Amino acid sequence: MLNKIKKFINNGDLRKVRFWIQLVTFILFVYGGYFAISFGSSFPIFTCPFNDESSAICYLISLQHQLAMPTQVIFSMASLGILIGLITFIAWFAVLNKAWCGYMCPFGTLQDWITALRKRMGIRFSTYTQNEFENLSKIKYIFLAIILLVPLFMGLGVLDREWTHAFCQMCPARIISPMFVGDFSQWTIDFSSITVMILTGIGVAFTGLFFVGSFVKKRFFCFFCPMSGLHYIFSKFSIIRFTKEGDKCTRCGDCYAVCDMQIKDIADDVISKNILRDDCILCLKCVAACPEDDALHIDIFNIKTFSSTKEGFNKRMGIQKFKGSIDE
Amino acid sequence: MSNNNQHKIESPKDRQNRHKAMEAIKLLNSIKEDFKSPVKSMDYFYDLFERVYCKNEALHSENVKVGTMCIQIPSEIIYALDGVPIRLCNGFYTDDEIGSDLLPQKACPLVKATVGHFASGNFSDKPDIVFSPTTCDQKTKSGAIIQTFGYDVIDVDFPRTKESEESREYFRKSIKEFTTKLSKFQNKKLSRKNLKASISKIGYAQSLYHELSKYRENTIVPILGIDVFLITNAFFFDKIDNWIEAMESLLVELDNRNKEKINAAGKLSPRIVYTGSPPIFPNYKIPHIIEQSDAIIVADETCSSNRMFNDMVAVDEWLVNDMLDSIADKYLKACTCPIFTKNDDRIRRIIHLAKQYKADGVIYQAFAGCTVYEMEQRSVLEAMEKAGIPILYIESDYSPSQHGQLSTRIEAFIESLKTRRRNKK
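Bear in mind the structure is a predicted one, so any value in this text is a computation, not a measurement.

1. Quick look at the overall build of chain A
Check the secondary structure of chain A and you find 17 helices and 3 strands. What you see for chain A is a C-alpha radius of gyration of 21 Å, in line with the 20 Å of a compact globule of 328 residues. Overall size of chain A, expressed as C-alpha extent along the three principal axes, is 70 × 45 × 45 Å. Relative to its 328 residues, chain A shows a buried fraction of 43%. Looking at chain A alone, contacts between residues at least 24 apart form 65% of all its contacts between residues at least 6 apart.

2. Looking at the overall build of chain B
Helix and strand counts for chain B come out as 17 helices and 8 strands. For 425 residues, the compact-globule estimate of 2.2 N^0.38 gives 22 Å, and the C-alpha radius of gyration of chain B, at 21 Å, lies within 12% of that figure. Dimensions along the principal axes, computed over C-alpha positions, put chain B at roughly 70 × 65 × 45 Å. In chain B, the share of contacts with a sequence separation of at least 24, taken over all contacts with a separation of at least 6, comes to 75%.

3. With respect to the sheet that holds strand 2 (residues 296-300) of chain A
Residue and element names in this part refer to chain A. Strand order in the open sheet made by the 3 strands is 1-2-3, with antiparallel pairing throughout. Of all strands in the sheet, those bounded by a partner on one side alone are strand 1 (240-244) and strand 3 (303-307). Averaged over all pairs of adjacent strands, the angle between their axes in this sheet comes to 35°, without regard to strand direction.

4. Let's talk about helix 12 (residues 285-292) of chain B
All names here are of chain B. Of all the 8 residues making up helix 12, 7 are buried; the element is thus mostly covered by neighbouring parts of the structure. In this fold, the buried residues of helix 12 make contact with helix 10 (225-234), strand 5 (271-276), strand 6 (296-301), strand 7 (361-367), strand 8 (391-396) and helix 17 (403-424). A positive backbone phi angle near 70° is found at Asp 294, which sits one or two residues after helix 12.

5. Quick look at unusual backbone geometry
Across the junction of Phe281(B) and Pro282(B), the peptide omega takes the value 0°, indicating a cis bond. Turning to its location among the elements, Pro282(B) is positioned in the loop between strand 5 and helix 12. Even without being glycine, Leu282(A) reaches a positive phi, approximately 50°. Mapping Leu282(A) onto the fold places it in the loop between helix 15 (265-268) and helix 16 (285-288). Here Ser37(B), not a glycine, exhibits a phi torsion of approximately 35°, which is positive. Following the sequence through the fold, Ser37(B) ends up in the loop between helix 2 (12-33) and helix 3 (43-53).

6. Some words on the domain arrangement of chain A
Residue and element names in this part refer to chain A. Per the domain assignment, the segments making up chain A are domain 1 (31-232) and domain 2 (240-316). Here domain 1 and domain 2 have C-alpha centroids that lie 28 Å from each other. Each side of the interface is counted separately: domain 1 has 18 residues, and domain 2 has 12 residues. Of all the elements in the fold, those that place two or more residues in the side of domain 1 that touches domain 2 are helix 6 (99-104) and helix 13 (226-234). The residue makeup of the side of domain 1 that touches domain 2, split by class, is 8 nonpolar, 7 polar and 3 charged.

7. Some thoughts on the interface of chain B and chain A
Between chain B and chain A, the residue contacts involve 34 residues of the former and 29 residues of the latter. Among the secondary structure elements, those contributing two or more residues to the side of chain B that touches chain A are helix 9 (192-217), helix 11 (240-259), helix 14 (320-333) and helix 15 (344-356) of chain B.

8. A word on the sheet that holds strand 3 (residues 129-133) of chain B
All names here are of chain B. Strand order in the open sheet made by the 4 strands is 2-1-3-4, with parallel pairing throughout. The sheet terminates laterally at strand 2 (83-87) and strand 4 (153-156), the two strands that pair on one side only. When strand polarity is set aside, the average angle formed by the axes of neighbouring strands in this sheet is 30°. With 3 bridges connecting them, strand 1 (residues 64-68) and strand 3 associate as parallel partners. Across the sheet, residue Thr 68 finds its bridge partner in strand 3, namely Phe 131. Most of the contacts of helix 7 (residues 137-148) go to strand 4, to which it runs at about 160°, and overall it touches strand 3 and strand 4. On the sheet, helix 8 (residues 165-186) packs against strand 1, strand 2, strand 3 and strand 4 and is oriented at approximately 160° with respect to strand 4.

9. Description of the pairing of strand 1 of chain B
Residue and element names in this part refer to chain B. Counting buried positions along strand 1 yields 4 of 5 residues, so the element is predominantly enclosed. Looking at chain direction, strand 1 and strand 2 are connected through 5 bridges and run parallel. The partner of Val 64 across the bridge, within strand 2, is Gly 83. With respect to chirality, the unit in which strand 1 leads through helix 4 (residues 75-80) into the neighbouring parallel strand 2 is right-handed.

10. Examining the packing of helix 6 (residues 109-120) of chain B against helix 7 of chain B
All names here are of chain B. Look at helix 6 against helix 7: their axes get within 10 Å of each other, and the N-to-C directions meet at 10°. Between helix 6 and helix 7, the angle is such that the two are roughly parallel. Of the residues in helix 7, those touching helix 6 at Val 111, Thr 114, Val 115 and Phe 118 are Gln 138, Lys 139, Ser 142, Ile 145 and Ile 146. By residue class, the composition of the contact of helix 6 with helix 7 is 5 nonpolar, 3 polar and 1 charged.

11. Section: the environment of Ile57(A)
All names here are of chain A. With respect to the helices and strands, Ile 57 occurs in the loop between helix 2 (14-31) and helix 3 (59-67). The sequence separation of Ile 57 and Asp 279 amounts to 222 residues, and the corresponding C-alpha distance is 22 Å. Non-local contacts of Ile 57, meaning those with residues more than four positions away in its chain, are made with Ser 41, Phe 43, Thr 47, Pro 49 and Ser 62.

12. Details of the confidence of the model for chain B
On average, chain B scores 94 in pLDDT, and the residues at 70 or more come to 99%. Confidence metrics for the complex model read pTM 0.93 and ipTM 0.90.

How each quantity is defined
- Once a new chain begins, its residue numbering starts again from 1 and follows that chain's sequence as written.
- Naming scheme: in the order in which they are written, chains are lettered from A and ligands are numbered from 1.
- Under the rules for a predicted model, residues below a pLDDT of 70 receive no local features and side-chain atom pairs below 80 are neither given nor counted, while totals for whole chains, interfaces and linings still include all residues.
- Secondary structure elements are taken from DSSP: a helix is a run of H or I of four residues or more, a strand is a run of E of two residues or more, and numbering for both begins at the N terminus.
- Computation of the radius of gyration draws on C-alpha atoms, with the globule rule given as 2.2 Å multiplied by the number of residues to the power 0.38.
- Between the buried cut of 20 or more and the exposed cut of 12 or fewer other C-beta atoms within 10 Å of a residue's own C-beta lies the partly exposed class, and all C-beta atoms are placed from the backbone.
- Note on contacts: each residue gets a C-beta atom placed from the backbone, and two residues are in contact if those atoms are within 7 Å.
- Note on pairing: DSSP must find at least two bridges between two strands before they are called paired.
- A fitted line through C-alpha atoms serves as each axis, taken over the contacting stretch for helices, and the angle formed by two N-to-C directions is quoted from 0 to 180°.
- All domain edges in this entry derive from an automatic or database-based domain assignment.
- Classification used: nonpolar for Ala, Val, Leu, Ile, Met, Phe, Trp, Tyr, Cys and Pro, charged for Asp, Glu, Lys and Arg, polar for all others including Gly.
- Handedness of a crossover is defined as follows: with both strands directed away from the viewer, a clockwise route from the first strand across the helix to the second makes it right-handed.
- In what follows, roughly perpendicular refers to angles from 65 to 115 degrees, roughly parallel to angles under 35, roughly antiparallel to angles over 145, and oblique to any angle outside these ranges.
- pLDDT measures how confident the predictor is about each residue, on a scale from 0 to 100.

Pasting the structure below:
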């Protein structure tokens, strides 16, 4: 019985499963407000509250607010609030690890839909060179530094109020998310001060770039996403592990060929057991595309939940099944 | 005049054919008759080799034959462009002798035999165009020699390192270049549909090989290693649909044998992983001695067998370029050929095979003159020692003369494996 369930999961059509999960969660998180659903303010994905109907609040915006309190306050009992926020964030995150990105994040889903559109049109995706990849991949940490440091400087009084949620002012999710409920008011550059003008200017430009970028490049924005960087810091606390058994890997590169994030280690690293990298969105496409039994697997509480198998590979790649196939 | 027919003087070509037929039939007869409980469905393959190598029957007279000099030329692309891939690596001592006049004394017998074969021009299926990947020195250089015999030989650039990102890019470009050239030659455009179909077909053939391998993991192995070498070797030149059909009926028979617990070897026969220079028909000298000495080959790490079938192509978006890149990656990155600078992958692979197939030992054969395999011997032996896997290293060539010496060494190794097994119990 257990083997049957295992086989069912390992042979599953990941593409379909993912499509439906993404569709449902997109509706849940973007339109949840209509059904009075709320998941609180420490959510580990881009559920942007600039969209009034969003059913959760992105932790990055809460974090920026909390850290922007005057410095004396942060070091008082109020720090408890920050701590609770962080713990809630980690608790949410721990459930799914980075699969939040690959399955839950409405902003990620949107990019996948743009990708699907491109695919329909028969246009090929573009890729970064290894050099570009390494450089661009650092940008998310710069954003993360802005999220953490700018509010602290505000608290110290070094920076003005105009720096309030500085990252959000640049973030394309702020502009795009409200559009889903028909609110296009974020498409503006705020001329009230030079700082705000620059920040919102970057925001509008970034949003334009987002649409162009995610049309030509799979998961364009995720390379720059500071949430992804923050996730990575806590990935060890998750109940989900992404494991690679290097001795079973032949380095054929199938996983790398399907990776939206162009993570080279997935194919080339045969030493690390924990193969989760900071850019990973845990979409599991690599596991689905691996033809070696058990070379890649997802473990929940250290129990193999979804493993790469030859049989599953053949099924997903549309290879005819031999009728007399033996079951192990 | 009528007397002329009866007293025909044998031409060099006839002589070559006769010698080759003798080599072939000697091996085939021995495989058919010297082992207990033969597999019935193997008859297709025995017959195929006899037709091609003893009767010189042409299999592909209606198709364009695309000769390949190594496994790195993707069959997927050749089939998609309406060609038939024919791998020209050669295992005949007769051809080796012809090649010896053209190449250095100490060159690899496989390369000598291949060059000799081209020099004689005596093909049952003569290639219309030849693609030569720049793998090892000897193969690379022999491409140029073959060209002087009047063949259309096109080099396909192949990098000697595979770790760097540059090498990946390089071979991806190289495969695109190959596709363009073949598509020009065939006057046919590579379409998305055709390429996808040929990837699926090869994938199916590979999956059948994987099914076959599953039986070899069992304690009772229903098929001899030498039979499997014949099967995979047939893939070099057979009509793919016939090959697939023969495999399907073979698998059905193996399933029955498995249920009836028919063992191709003895109860105590040591299980061997075979690695090194590729055994190519009819040079099955070493595998033949191994299995005649009461051991059984359960897996191999050679480019004429496992390496050809193991790795499959995965594609994300199924656009032509996406498929080509993935094909290129597979043929470069998964390759464990010793021509590469470092070769930890090969060592990992051998250890993994030994574990997966519960092997008692590894036999590593290198052709005298196959420098890369000879050079890599030391590192592999060291790694096996570390992993606690017994290994025997043998050097051999295509000449029929070494039999006694080789069988003594192999038998001794196999006996020691048996003792080891008994002691473990």
